[in-house]
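Residues per chain are reported as follows:
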Amino acid sequence: MQEIRLLDERWNGARLQLVKDTLLASVEAESGPGLFTDDWLAVPFDLAGLHPLGPVNSFGSPVHLVGLPSLGPAPVLASTTSGTLKITDVRDGDVLKVFPLPRTGTEERFHAVCDLALGHHRGRDLLFLHEESDRGPYHRWVSVVDLAVGEPIPDMAFDHYRYREISERLTLQHGYLACPTTEEVVEFQADDFSVIDKPFIHVRRADDGSWVGKVSLHTGVPEGRAAEIAHAAGHTYLAEAGDIVTLPDLEPVFTKRVPWVAVSRVTEWDGRPVAVLVQERASSEELPGRLCHLFLDTDHPKKVDLPWSVPPEVYDLLATPDGTIVVSSAGGVHVLNVDPAEASRANPR
């Protein structure tokens, strides 16, 4: 298995995004003399050739790599400024379009945006905004804007509560919107009960905002990383760490959860659905973490270790149908290559 170090430790904690063959690595910038004045740095790569598509650009808010057919075939970058959505060229950072954001929530306030999700669904460019609310410190509001007319779609808006610090990121893929949240849950014991803050992912349909259901998570969604919605081998999956379920029925693909999984992603290898995951060590006495894969089209998926020494503190992971695996860690961004056909032959249905 080949490995290339794409970015060094200065990109510690980078978040990874992929649209077609364009890979974007973004990281929160450090402040200091001579450094960028904005808060986020981002650099694009052609994943097929592993060469930069442009220079490092800076942004005042988290930046998103999205495909918008109305602006051309190439992916673009989306970020928010005060009251606007800014679309920039992925190669040089030139501003392509600016969309004014309508007032939402109360009329006295403009957006205090936690995150956004942007995509093209059923002929419409839809923007989902995840915002703070005026109903209290734990209340969150998700509004939806049709960018063609610049107006909100009230029937698709919804709210939820957040009881502790978790990711505020939205995922908009394959016709679904995923929203991490935390709920108060009562757990009963034999002679007592306790109230805990439990992490969930709420799932809605992207075309009309209708409720699909919710997934109880083994652990929360870390800050800065979105859950994944992937389509592979005719099925759609929602994946976050050791929790992988099918959509829309929300059926788990494991007989029991995989403990100590830092991050997992789903793709298709050799026509079969496969999960690629980093499994952390459960204690300091155990061996270092492992990079694994397991095919999801069997009754008892079997984890197979990949021969790579996993760096400490893995933050994000991507996997593609051609066997490319991208890992973001404390040591930077690494690119690995696996033979999908060989992996499939070694692990028959």
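Okay, so let's go over this structure. For clarity, every value in this text was computed on a predicted model and none was experimentally measured.

### Topic: the pairing of strand E28 (residues 324–329)
Summarising burial for E28: six of the six residues are buried, a large majority. Of the two faces of E28, both are covered, the one formed by Thr324, Val326 and Ser328 as well as the one formed by Ile325, Val327 and Ser329. Relative to E28, strand E27 (residues 314–319) runs antiparallel, the two sharing five bridges. Counted as the bridge partner of Asp316 is Ser328 from E28. Once E27 ends, the chain turns through four residues before running back antiparallel as E28, passing Gly323 with a positive phi of about 90 degrees.

### A closer look at the packing of aromatic side chains
Applying the stated rule across the entire model yields two aromatic pairs. Ring centres of Phe188 and Phe193 lie 6.0 Å apart, and the angle between their planes is 45 degrees; on these two criteria the pair is classed as tilted. Centre to centre, the rings of Trp269 and Phe295 are 6.4 Å apart; their planes meet at 70 degrees, and the pair counts as edge-to-face. With Trp269 in strand E23 (residues 261–269) and Phe295 in strand E25 (residues 290–295), this residue pair connects regions lying 26 residues apart in the sequence. The same class applies to Trp269 and to Phe295, which are both buried. The ring of Phe158 is capped by Arg204, whose NZ or CZ atom sits 3.9 Å from the centre of that ring. A cation over an aromatic ring shows up here: Lys214 above the ring of Phe200, its NZ or CZ 4.8 Å from the ring centre.

### Overview of the pattern of salt bridges
Summed over all chains, the structure comprises eight salt bridges. Across the pair Asp297 and Arg272 runs a salt bridge whose closest N-O atoms are separated by 2.9 Å. Of this pair, Asp297 sits in the loop between E25 and strand E26 (304–306) while Arg272 sits in strand E24 (residues 272–279), and the two are 25 residues apart along the sequence. Arg272 sits in the buried class, given a relative accessible area of 3%. A salt bridge links Asp305 to Arg290; its shortest N-O distance comes to 3.2 Å. Placement of the pair is Asp305 in strand E26 and Arg290 in strand E25, with a sequence separation of 15 residues. On the basis of relative accessible area, Asp305 is assigned to the partly exposed category, the value being 41%.

What counts and what doesn't
Residues numbered from 1 in each chain as written. Predicted model: local features only at pLDDT ≥ 70, side-chain atom pairs only at ≥ 80, totals over all residues. Heavy atoms only, no water. Buried < 20%, exposed > 50% of the residue type's maximum accessible area, 1.4 Å probe, protein only. Helix = DSSP H or I, 4+ residues; strand = E, 2+ residues; numbered from the N terminus. Pairing = 2+ DSSP bridges. Phe/Tyr/Trp six-rings, centres within 6.5 Å; stacked < 30°, edge-to-face > 60°. Lys NZ or Arg CZ within 6 Å of the ring centre and 35° of its normal. Salt bridge = Lys/Arg side-chain N within 4 Å of Asp/Glu carboxyl O.

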